[in-house]
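Secondary and tertiary structure notes
Each chain, letter by letter, is given below.
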Amino acid sequence: MSYIEEILDLVKRRNPAEYEFHQAVDEVLQSLEPVMEKHPEYREARILERLVEPERVLMFRVPWLSDKGDFEVNRGFRIQFNSAIGPYKGGLRFHPTVNLGIMKFLAFEQIFKNSLTTLAMGGGKGGSDFDPKGKSNNEVMRFCQSFMTELCRHIGPDTDVPAGDIGVGAREIGFMYGQYKRIMNEFTGVLTGKALRWGGSLIRPEATGYGCVYLAQEMLKTRKETFEGKVCVVSGSGNVAQYTVKKLLELGAKPVTLSDSNGFVYDSKGIDLKKLEFAMELKNIRRGRIKEYADKFGAEYHDGKRPWSIPCKAAFPSATQNEIDEKDAETLVKNGCTVVGEGANMPTTPEGIDVFLKANILYGPGKAANAGGVATSGLEMSQNAMRLSWPAEEVDKRLKQIMVSIHDAAAKAAADYGFPGNYVMGANIAGFVKVAEAMMDQGHV
Ligand code: NDP
Ligand code: 2IT
């Protein structure tokens, strides 16, 4: 058994049934084989053994009262995975599928993603199996208040700074911030993704989608191509999907799909700005189903399906983990897809990734492609610390610079280690080395 296999075996034994966590660790560790060969000092210092063990795992009860007066109980999590290069940073996910393995996979990914951003942020993630769907505003508020009543003692602007993810947007961040402030009696940048009026950053709502398209644009440049006229397939219809579509439109591309957990819409005429506005109002305010888009604009609706069968040049999975399997990847490649930008975290299964890599397409893994969101959260933290706010152009310029630097760092690391064009190897290696070096500097902690 190789050293890497030994570590994987240890992770599986020590964390039974945490399948998504195993998958995320497996992918990263496989990429690190050449790094570990080149740096025997990492093995001696047990860097990998330490890296796969979270610094702290918090799991707590979240009791709340429904509108009917029923007692409800959910489970809350915060994984403080690695603080070698900065305070823990990462989103909160509220979704009924949330469990310990999903939280740990997301927090593990976040370590390397945050490292790639060039900013000083460690890796963390949290959330709950609470389902915001179908809940009233007051129920969501009571849940958020109860969640923060426990979480507040574990976080802080220099300790751990949560933000949004699936099911957590501006509304939930507002409710949680209000409760934090009330208990701790301090107005600080303890959460990002805040509303502009009280400490949020311009461009943070747009950042993940915009950043994902910026990274894809950089990948396309290496083949002297642009987005002009390219048909794009996007999954999801939440924050990341919405702003991915918006940026694609600005660059002259033709996005044709959106989806939610019930199915997808295919608009062969293309989703334009007006239709996007409708989808945003539908999803962000009325909180309805994407099928309404098809009903309103006469587009096709495919119930219970994902959009990968629609022929395209570029695909942007922006919903959830493992939404592209081996077959989907084969279909995409067969239909002429040459660019994949992962807005979601770990949306492609390991078998799917192999298909993309073998086909030598421009495949931008989530760690690199969706890092614009957390990077702009980092910029929100900087603005909060200075008690200043930058104009949109300034934040967008910095976001773009960061995405270019992530692209270049991943491309360089891949080439340096003999895997030119392999952004999976590149992102994992570049993200890891900075964290490993910091851990070496700080002793055996
Ligand atoms: P939102 O809650 O705004 O939107 C999520 C979208 O994905 C919705 O359309 C939702 O459908 C769909 N979706 C969620 N879970 C599933 C599922 N199990 N099966 C099918 N569809 C699903 O979340 P975001 O847009 O913020 O997040 C999307 C992805 O991007 C996630 O993987 C997240 O981790 C990742 N990400 C987000 C960042 C951010 O800044 N927000 C930053 C980096 C990554 P429905 O409406 O039916 O629930
Ligand atoms: O997965 C992610 O990077 C996020 N959900 C954003 C995290 C953040 O702290 O902005």
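Just so you know, these numbers come straight off a predicted model, no measurement behind them.

A closer look at the nonpolar core
Judged by nonpolar contacts, the single largest core of 49 residues is most densely connected at Phe 227, Leu 248, Leu 258, Tyr 293, Phe 316 and Ile 406. For this core, the element with the highest residue contribution is helix H8 (residues 204–221), accounting for nine residues. Ignoring any residue separated from it by four or fewer positions in sequence, one finds Leu 248 in contact with Val 213, Phe 227, Cys 232, Val 234, Ala 253, Pro 255 and Phe 316. Counting 43 residues, the second largest nonpolar core, distinct from the first, contains Ile 102, Met 103, Ile 111 and Met 346.

Re the site of ligand 1
Among the 26 residues in the neighbourhood of ligand 1, the closest are listed as Asp 165, Arg 204, Thr 208, Ser 261 and Asn 345. A distance of 3.0 Å separates an oxygen atom of ligand 1 from a polar atom in the backbone of Val 240. Within the backbone of Gly 343, an N or O atom sits 3.3 Å from an oxygen atom of ligand 1. Calculation on ligand 1 without its partners gives an accessible area of 890 Å², and the protein chains cover 84% of this total. When contributions to the shell around ligand 1 are tallied by element, the ones reaching two or more residues are H8, helix H9 (239–250) and strand E8 (257–260). A breakdown of the residues in the shell around ligand 1 according to their chemical character gives four nonpolar, 14 polar and eight charged.

A short note on the sheet that holds strand E3 (residues 88–94)
Strand order in the open sheet made by the five strands is E1-E2-E4-E3-E5, with mixed pairing throughout. Unpaired on one side and paired on the other, strand E1 (56–65) and strand E5 (160–163) mark the two borders of the sheet. In this sheet, neighbouring strand axes are inclined to one another by 20 degrees on average, regardless of whether the strands run parallel or antiparallel. Where E3 and E5 come together, four bridges link them in parallel fashion.

What about the side chain of Thr 244?
Topologically, Thr 244 is positioned in helix H9. Separated by 2.7 Å, the side chain of Thr 244 and the backbone oxygen of Val 240 make a polar contact. Among residues more than four places away in sequence, those in contact with Thr 244 are Gly 209, Val 213, Val 234, Phe 316 and Ser 318.

Re the sheet that holds strand E13 (residues 362–364)
Strands sit in the order E7-E6-E11-E12-E13 across an open sheet of five strands; the sheet is parallel. In the strand order of this sheet, the two ends are held by strand E7 (254–255) and E13, each with one partner. As judged from the three bridges shared by strand E12 (residues 339–341) and E13, these two strands associate in the parallel manner. When the sheet's bridge partners are listed, Val 340 is paired in E13 with Tyr 363.

Thoughts on the packing of aromatic side chains
The tally for this structure, following the rule as stated, stands at 21 aromatic pairs. Between the aromatic rings of Phe 108 and Phe 112, the centroid separation amounts to 5.0 Å while the plane-to-plane angle is 75 degrees, which identifies the pairing as edge-to-face. Of this pair, Phe 108 and Phe 112 both sit in helix H5 (residues 100–116), four residues apart, which is roughly one turn of that helix. By the burial criterion, Phe 108 is buried, and Phe 112 matches it. Where Phe 130 meets Phe 143, the ring centres are 3.9 Å apart and the plane angle is 5 degrees; that geometry is what we call stacked. With Phe 130 in the loop between strand E4 (122–128) and helix H6 (137–151) and Phe 143 in helix H6, the pair connects residues that are 13 residues apart, well separated along the chain. Comparing Phe 130 with Phe 143 shows no difference in burial state: the two are buried. Site record: aromatic cluster; members linked through ring pairs are Phe 60, Trp 64, Phe 94, Phe 130, Phe 143 and Phe 147. In this structure, Lys 247 packs its charged tip against the face of Tyr 210, placed 4.3 Å from the ring centre.

About the thresholds
Residues numbered from 1 in each chain as written. Chains lettered and ligands numbered in written order. Predicted model: local features only at pLDDT ≥ 70, side-chain atom pairs only at ≥ 80, totals over all residues. Heavy atoms only, no water. Core = buried A, V, L, I, M, F, W, Y, C linked by side-chain atoms within 4.5 Å. Buried < 20%, exposed > 50% of the residue type's maximum accessible area, 1.4 Å probe, protein only. Helix = DSSP H or I, 4+ residues; strand = E, 2+ residues; numbered from the N terminus. Contact = heavy atoms within 4.5 Å. Near = heavy atom within 4 Å. Polar contact = N/O pair within 3.5 Å; in protein donor to acceptor, adjacent residues only side chain to side chain. Areas by Shrake-Rupley, 256 points an atom, 1.4 Å probe, with all protein chains shown as cover. Nonpolar A, V, L, I, M, F, W, Y, C, P; charged D, E, K, R; others polar. Pairing = 2+ DSSP bridges. Axes fitted to C-alpha atoms, helices over the stretch in contact; angles between N-to-C directions. Phe/Tyr/Trp six-rings, centres within 6.5 Å; stacked < 30°, edge-to-face > 60°. Lys NZ or Arg CZ within 6 Å of the ring centre and 35° of its normal.

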